[in-house]
Number of protein chains: 2
Amino acid sequence: MAFTRLCQYSSTILCATGGLACICVVMAIVMFPGDPKVNIRREDVTLTDVEDYVIKNINPDNIRQTLRYLTTGTHLGGTEQELDMARYIGSRWQQQGLDQVHFVPYQVLLSYPSPTIPNLIKILDSAGQVVWVSAAKQKPLYAPEEASPDIPFTFIGYSAPANVTGDVVYVYYGREEDFDFVAASGVDISGKIVLARYGAIFRSNIVEMAEARGGIGVILYSDPEDYAPEGSNFVYPHSYYMPPSAAPFGTIKLLDGDPLTPYYPATESAFRIPEDEAPLPKIPAQCISYEDAWQILSRMGGPAAPEKWQGSLNVTYNIGPGLRESGWSLNLDVNNNNTMTTTYNVVGVMTGQEEPDRYVVLGNHYDAWLFGGLDPNSGTAAMLELSRVFTQLRNETGWRPRRSLVFCAWGAEEYGTVGSVEWTEQFAKQLSDRTVAYLNVDMAIEGNYTLRTKSTPLLTDVVFESAKKIANPDPLELEAGRKSVYDTWVVRRPDPNEPGLPLMQFIGSGSDYKGFQHNIGIPCMDTRYTHDNSTIGEPQYHTLYETFALASEIYDKGFHYHTAVAAMWGDLAVVLSESKVLPFSLVKYSNFISKAQDDIIERFGPLINSQNISLEHFTNAGKAINESVTNFNKALEYLDLKSALAVRRVNDQLMMFERAFIDPRGLPGRPEYNHVITAPSKNDAYSGTAFAGLIDTLSAIEEAQEEHRNDLWRTFAHHLAAVTHLLNTAAKVLTDDLW
Amino acid sequence: MAFTRLCQYSSTILCATGGLACICVVMAIVMFPGDPKVNIRREDVTLTDVEDYVIKNINPDNIRQTLRYLTTGTHLGGTEQELDMARYIGSRWQQQGLDQVHFVPYQVLLSYPSPTIPNLIKILDSAGQVVWVSAAKQKPLYAPEEASPDIPFTFIGYSAPANVTGDVVYVYYGREEDFDFVAASGVDISGKIVLARYGAIFRSNIVEMAEARGGIGVILYSDPEDYAPEGSNFVYPHSYYMPPSAAPFGTIKLLDGDPLTPYYPATESAFRIPEDEAPLPKIPAQCISYEDAWQILSRMGGPAAPEKWQGSLNVTYNIGPGLRESGWSLNLDVNNNNTMTTTYNVVGVMTGQEEPDRYVVLGNHYDAWLFGGLDPNSGTAAMLELSRVFTQLRNETGWRPRRSLVFCAWGAEEYGTVGSVEWTEQFAKQLSDRTVAYLNVDMAIEGNYTLRTKSTPLLTDVVFESAKKIANPDPLELEAGRKSVYDTWVVRRPDPNEPGLPLMQFIGSGSDYKGFQHNIGIPCMDTRYTHDNSTIGEPQYHTLYETFALASEIYDKGFHYHTAVAAMWGDLAVVLSESKVLPFSLVKYSNFISKAQDDIIERFGPLINSQNISLEHFTNAGKAINESVTNFNKALEYLDLKSALAVRRVNDQLMMFERAFIDPRGLPGRPEYNHVITAPSKNDAYSGTAFAGLIDTLSAIEEAQEEHRNDLWRTFAHHLAAVTHLLNTAAKVLTDDLW
């Protein structure tokens, strides 16, 4: 029965059931302030009805208007502007009538540029005179707000404040192999300032490696080769390519969450470690535009960098060290401050009807380095429209989801998922006991080419099914007969290993699902519309030019892409909160594990065989999961769907499956990661590989000198046993067996 | 409606409901092999009916017969005899018709005496000739089985095998203050053999301290002052006092569980640390009888020990070092072996009707140092009778508990709760998600004087209520008008702080609840009938004389005390498995926490105030629990008991309350304990005190030299914040709040 029909006579037929459930829930703590007088009978509405309603009622104009509001100013984490934005989101949710809206504060250490003294890079001649100085801010190019006096000086979050002078060395993308190449070329990084390109690895690791090698400072820029492939005339605002004056901000903290309160929430009562023990760099780092990078690169001496290292700036890229002119040097002056401040998460709840104590959590951060035209406001604008649609549905019909929907707007994500990690630390127990899934959308769009989704294997099937339901926002694709988001996805981003399926990426890290997936073991999904392969990443990402104009004039004039992502997000929320039995892909997960095990054996089998270490228990545990999944699914056919407790039992087993992979002791040497399957690898070469603890240890063994191998083999054997234990746990979690 | 009446026409009225529930559960994994054709309708039977049935149907003669069987031979952990006993228990449960019976093996490192070479202590004269040698075994005194050739040589579990010769030093109870006194007397322990009395602290710690001070061996004995107060004529078999030839065995491993697989289960696939890294002593230790101790003490030289240190052997106790005769020495020769072997837990399940995935676990170990007449077989005999009664009830009426009953017989407890800890490590996730309570009875009786019970505050009220329902097994007490077990308890073991209530002891450690309570946070209870204060502990504990005769002829001729404990155990199982809403004492727990907080402030307030550390958040968190408990209980009044999911939600919140106090990172310096409230103190002076991590750190600060205090204060502040966080978590766990 469709909702439109239902609503007409809902007031007469629906009174009876609503009363009892309401009294019970209201008295047992929860209040439904916005509750209508009537409730629909759940038997009268199908899952498809709700899905259709949510998908159809998302209004692109609402997303546009919200995005316009969200991007009028900057709202850096922990600032008054961030708090204003939190208040705005909270009041929107209150107006929409979510049952609960709360602000959850954390006292955290964030990093800011000086309000008065810019961070500058200077070229000094042999007399110490300034030959050239970098831009203090990015140039306004198009949107009026780019010229706002509130724009902070260009900076890198958590850079150490320092003024250093020295020779400069070009290290390409600053990967381990790049540093090794530089060293092999006879250039010592020690005492030098490193110039690295963004794009291949997380910027924190570039700075970490530079510091470890004795570097005294780091300069980061984006080469036009990677971000402006069609030359400097076809860039923002004429296209979405990167203009010469863009300098992408970012954090260089090494661990997620507040740096001073590892593992515990940064509440008022938290214990804070001394700042010098925090995972923060000790050297200064600064981002610059490629027009400024040219100023340095064009003056550098030393041997030419390899062909591959040459970018598309019109110079020969030399490695250095130093500038060609004798006695000239580079000065890097960073005036950032690490500051204790408060950041807020905004949490809004639509309480579930049957299972208020089961949560489907939707989240995105709302802080931005600058305007956040895409990151994160495209996602936040979508989320605010989604919550509106859900409350509209409730207001019109009295419907409520079976399970609670929890909407979260995270603070200070840009500094390293600070708000969300602190929250998952604070509420770890409840979230672990009660959360069905966490659905993250950071940028709803960073392009209009195809969907890009990461998830735990458990959610792969529901994501595919949702993507099939969402109309294709691309008119040309529609013309080509590709009706759904899925249809474009499978063509433009196919899975190389699974012909006929779109690529579902490994969940990895890098946004607010980190605490959920990797510490608690809550099934997570992260999705967005993305760009094609002509650039590495979205070119205006974290720059001044990530504006409303970029979103509304260049990427998504009709806001159809925003709408498609919002619809899919909403549909997933409906499916996960409404389905009587959780629609988790146990078979996908089991196959994923088997394949990852095979990969390890194929890649490292001979190495492991050189030791007295058997993989038999490990592979048997994979088989045990496979068998347990088969039995579980068979038993599911006979499940008495009318027995609330029988259904709950099965759902609890499903919900706890992902949790089974959590080792409270963490991965080897990485206590900040607990999920033994999905934790990202330390080694970028293995990103997207499961069992990071095993893989990383094995690749360390390959590279280690003989005398260090014994310790690493012990680490490997120990972790292998832990992983095997947890795989067996996962197999058992689907049963009542305690043997 | 009583069961007797119900049974008559149950077959006609009860068919209808059984069918559906059964199909569902059978198909969804669980089988009910012993299921009768009929099931009672749950509405027709009250909680009291079930309680009455269980209490009334426990048959003392059955307990007697089982105890007789269990105590005919020895069954040391990890031996063929232990396995025989496991098979016996398993087959009994199968015969009784439990739904599932399983053997759960662990490969563990245990310790045995040599089968051929006894552990001996010799006094050597100056020419090295043997003047005296200790008994290899304890003398048979009464029961025929005491003369069995299967009795192992007297030994201490995990003593290092070694042959050492040196001077002997008497250290009283071997507490830290005793060692300090000896040192202050100018006697250096280094290079000496230590002679210590059992009774004040855990024997492992005596050996640990001796080893840390350079001692080369330890001899442990029980002084008749503590265990034979009425002289050597009124001892076993004439009384339950200790005879001169008794030498109590025991373990001296420092941590619980298998020594080679800390934190992970000792399955086949486990990683095992090298034995020399295990928490095992590096020096030999041996237990001896007090008649043998006299041989040493009567020859010792050096200054007389203080008056308090004098025991009731007819000599002057000297401190030493060494013997009076010049050139004489003591030789300690221990020939134990640490051996990898397999121990088994036996797990039997009666599957719950409505909530098969909620467990009430009952357990006791079944290994014994020797015959185990009390420890553990009095408990095991009671458990086997209890399971019989439950299956009889099910067979007669079709009744099943609402939640599953899980009966556990643990292996190798005597070696340091090996079987149970490995099991809680293996099934930690499921147990944490699903277990309502763990009810431990190790010895059902160690006396016939009064009940002695330890529990989490959460179970205090249900234990009191149960104890009131159990008829007093003591005829003299009955005559005195004390009808119930409770009535004697409140008189003979009153709570000094709560006039009118019996003493409920702090849960502490020392039996198989360790992994449940202290690592997972499952509410635990441990009960037994105990002795009066004339001895420190049960005098035959762990000796050859802990026989069936001791139980059946001296302590409990009619097996009424065994029966009373079994009945109470069973009643608690009924109440916890049958009650629709879990009968947990949130108010008791909240008050307990407040009082413990007040105690800390009273005892350490001035010390803490000397630092810049506020206790405000800590005490506020206690108040938050109080408030949350009040709100929770208020809401409970309006709970819709007909809504299965509403009831389940409340029960899950109750079940998770104790879990909230678990810190996965463990206590400061003690990762083997996770419960921040109930973990036992490192310091015996504070045993029975809550918040051991805080208390131990504060008392260490008091004792520390100035230069070490800063680190300790940091530890304190850090842990205080963790505790505060977990108290706040507990307050929140009773709600759906995520803010």
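Residues numbered from 1 in each chain as written. Chains lettered and ligands numbered in written order. Predicted model: local features only at pLDDT ≥ 70, side-chain atom pairs only at ≥ 80, totals over all residues. Heavy atoms only, no water.

Asks: Where do I start with the overall build of chain A in this structure?
Replies: Looking only at helices and strands, chain A has 23 helices and 16 strands in total. The globule rule puts the C-alpha radius of gyration for 739 residues at 27 Å, and the 26 Å found for chain A is close to it. Reported as C-alpha extents along the three principal axes, the dimensions of chain A are approximately 90 × 65 × 60 Å. For chain A, the proportion of its 739 residues judged to be buried stands at 65%. When contacts within chain A are restricted to residue pairs at least 6 apart in sequence, long-range pairs at least 24 apart make up 79% of them. Once the 58 positive and 89 negative side-chain charges of chain A are each reduced to a mean point, those two points are 5 Å apart. (Helix = DSSP H or I, 4+ residues; strand = E, 2+ residues; numbered from the N terminus. Rg over C-alpha atoms; globule rule 2.2 N^0.38 Å. Buried < 20%, exposed > 50% of the residue type's maximum accessible area, 1.4 Å probe, protein only. Contact = heavy atoms within 4.5 Å. Lys, Arg positive; Asp, Glu negative; His and termini not counted. Charge placed at Lys NZ, Arg CZ, Asp CG, Glu CD.)

Asks: Got a minute to help me understand the relation of the copies chain A and chain B in this structure?
Replies: Note: a rotation about an axis with an accompanying shift along it relates these two copies of the chain. Placing chain A over chain B gives an RMSD of 0.1 Å and needs a rotation angle of 180°, together with 0.0 Å of translation along the axis. Both chain copies can therefore be described as sitting about a two-fold axis. (Least-squares fit on C-alpha atoms with pLDDT ≥ 70 in both.)

Asks: What's the story with the domain arrangement of chain A in this structure? I'm lost.
Replies: Quite often, the size of an interface is put as the accessible area lost when its parts meet. Residues and elements named next belong to chain A. The domain architecture assigned to chain A consists of domain 1 (6-111 + 340-578), domain 2 (114-335) and domain 3 (586-733). In this complex, domain 2 contributes five residues to the contact, which on the side of domain 3 involves four residues. Taken together, both faces of the contact between domain 2 and domain 3 bury some 320 Å²; the carbon and sulfur share is 52%. A per-residue breakdown of the area domain 2 buries against domain 3 is headed by Ile 201, Leu 255 and Tyr 263, which together make up 76% of the total. Between domain 2 and domain 3 we count zero salt bridges in total. Connecting domain 2 to domain 3 are zero residue pairs in polar contact (both at pLDDT 80 or more). Residue composition of the side of domain 2 that touches domain 3, grouped by class: four nonpolar, no polar and one charged. (Domains from an automatic or database assignment. Buried area = accessible area lost by both parts, 1.4 Å probe. Salt bridge = Lys/Arg side-chain N within 4 Å of Asp/Glu carboxyl O. Polar contact = N/O pair within 3.5 Å; in protein donor to acceptor, adjacent residues only side chain to side chain. Nonpolar A, V, L, I, M, F, W, Y, C, P; charged D, E, K, R; others polar.)

Asks: What is the right way to look at the pairing of strand β9 (residues 329-334) of chain B in this model?
Replies: Moving residue by residue along a regular strand, the side chains alternate between the two faces of the sheet. Residues and elements named next belong to chain B. In terms of burial, β9 is a largely internal element, six of the six residues being buried. Bridging between strand β2 (residues 120-124) and β9 involves five bridges; their strand directions are antiparallel. By the bridge assignment, Leu 124 is partnered in β9 with Ser 329. Across five bridges, the pairing between strand β4 (residues 162-166) and β9 is antiparallel. Pairing of Gly 166 across the sheet is with Leu 330, part of β9. (Pairing = 2+ DSSP bridges.)

Asks: Just to check I follow, could you spell out the UniProt feature "domain: PA" (unreviewed entry) in chain A for this structure?
Replies: Residues given the UniProt feature "domain: PA" (unreviewed entry) here are residues 164-243 of chain A. Secondary structure across residues 164-243 of chain A comprises 29% helix and 20% strand; the distance between its end C-alpha atoms is 28 Å. (UniProt positions renumbered as here; feature names shortened; annotations may be inferred.)

Asks: What should I look at first to understand the interface of chain A and chain B in this one?
Replies: At the junction of the two partners, chain A supplies 74 residues and chain B supplies 74 residues. Where chain A meets chain B, there are 18 residue pairs in polar contact (both at pLDDT 80 or more). A total of eleven residues in the side of chain A that touches chain B trace back to one element, the largest contributor, which is helix α23 (residues 706-733) of chain A. By residue class, the composition of the side of chain A that touches chain B is 40 nonpolar, twelve polar and 22 charged.

Asks: What am I meant to see in the packing of aromatic side chains here?
Replies: Aromatic ring pairs are reported here in terms of the distance separating the ring centres and the angle at which the planes meet. For the structure shown, the criterion picks out 76 aromatic pairs over all chains. For the pair Phe 155 of chain B and Phe 249 of chain B, a centre-to-centre distance of 5.4 Å together with 70° between the ring planes defines the contact as edge-to-face. Of this pair, Phe 155 of chain B sits in the loop between β3 (130-133) and β4 while Phe 249 of chain B sits in the loop between α8 (224-227) and β8 (285-287), placing them 94 residues apart in sequence. Classification of Phe 249 of chain B as buried rests on a relative accessible area of 1%. Ring centres 4.0 Å apart and planes at 5° place the aromatic pair Tyr 438 of chain B and Phe 516 of chain B in the stacked group. Linking Tyr 438 of chain B in strand β13 (residues 435-440) with Phe 516 of chain B in helix α16 (residues 514-520), this pair joins segments that are 78 residues apart in sequence. Accessibility classification places Tyr 438 of chain B together with Phe 516 of chain B in one group, the buried group. An aromatic cluster is defined as three or more aromatic residues linked by ring pairs; in this entry it consists of Tyr 112, Phe 155, Tyr 158, Phe 249, Trp 369 and Tyr 415 of chain A. (Phe/Tyr/Trp six-rings, centres within 6.5 Å; stacked < 30°, edge-to-face > 60°.)

Asks: Would you mind going over the packing of helix α3 (residues 47-57) of chain B against helix α10 (residues 377-397) of chain B with me for this structure?
Replies: A packed helix pair is summarised by two numbers, namely the angle formed by the two axes and the spacing between the axes. All names here are of chain B. Contact pair α3 / α10: the axes reach a minimum separation of 9 Å and the direction vectors enclose 130°. If you check the angle between α3 and α10, you find them oblique. Handedness of the α3/α10 crossing: right-handed. Contacts between α3 and α10 involve Val 50, Tyr 53, Val 54 and Asn 57 on the former and, on the latter, Glu 385, Leu 386, Arg 388, Val 389, Phe 390, Gln 392, Leu 393 and Glu 396. (Axes fitted to C-alpha atoms, helices over the stretch in contact; angles between N-to-C directions. Parallel < 35°, antiparallel > 145°, perpendicular 65-115°, else oblique. Left-handed = near helix turned anticlockwise from the far one by under 90°.)

Asks: Any chance you could explain the sheet that holds strand β10 (residues 337-350) of chain B here in plain terms?
Replies: Hydrogen bonds between backbone atoms are what pair the strands of a sheet, whose relative direction is either parallel or antiparallel. All names here are of chain B. Strands sit in the order β1-β10-β12-β11-β13-β16-β14-β15 across an open sheet of eight strands; the sheet is mixed. Each of the sheet's edge strands pairs with one partner strand only, and the pair in question is β1 (100-112) and β15 (504-505). Across six bridges, strand β14 (residues 450-455) lies against strand β16 (residues 524-530) in antiparallel orientation. Across the sheet, Ser 455 pairs through a bridge with Met 525, a residue of β16.

Asks: When you look at empty space enclosed by the protein in this model, what are you seeing that I'm missing?
Replies: One water molecule sets the probe size; rolling that probe over the atoms shows where empty space is left. Taken as a whole and assessed by the stated rule, the structure comprises eleven cavities of 30 Å³ or more. A volume near 190 Å³ is recorded for the largest cavity. Residue lining of the largest cavity: 17 residues in total, with Arg 358 and Asp 433 of chain A together with Arg 358, Asp 433 and Asp 652 of chain B positioned closest to the centre. When residues of the lining of the largest cavity are traced back to their parent elements, those giving at least two are β11 (355-365), α12 (428-434) and α21 (644-659) of chain A together with β11 (355-365), α12 (428-434) and α21 (644-659) of chain B. With five residues, α21 of chain B is the largest single contributor of residues to the lining of the largest cavity. Grouping the amino acids of the lining of the largest cavity by side-chain chemistry returns four nonpolar, two polar and eleven charged. (1 Å grid on protein atoms, 1.4 Å probe; cavity = no way out; pocket = protein on both sides within 12 Å on 5 of 7 lines; lining within 4 Å. Points joined across faces, edges and corners; volume = space filled by probe spheres on them.)

Asks: Just checking my understanding: could you explain the sheet that holds β8 of chain B for this structure?
Replies: Residue and element names in this part refer to chain B. Taken in spatial order, the four strands of this open sheet run β5-β6-β7-β8, and their pairing is parallel. Each edge of the open sheet carries a strand with a single partner, namely β5 (168-170) and β8. Neighbour-to-neighbour, the strand axes of the sheet open up by a mean angle of 20°, direction not taken into account. Bridging between strand β6 (residues 193-197) and strand β7 (residues 217-221) involves five bridges; their strand directions are parallel. Its bridge partner being in β7, Leu 195 is matched across the sheet by Ile 219. Helix α7 (residues 203-212) contacts β6, β7 and β8 of the sheet and is inclined by roughly 150° relative to β7. Its contacts with the sheet place helix α9 (residues 290-297) against β5, β6 and β7, and it is angled at close to 125° to β7.

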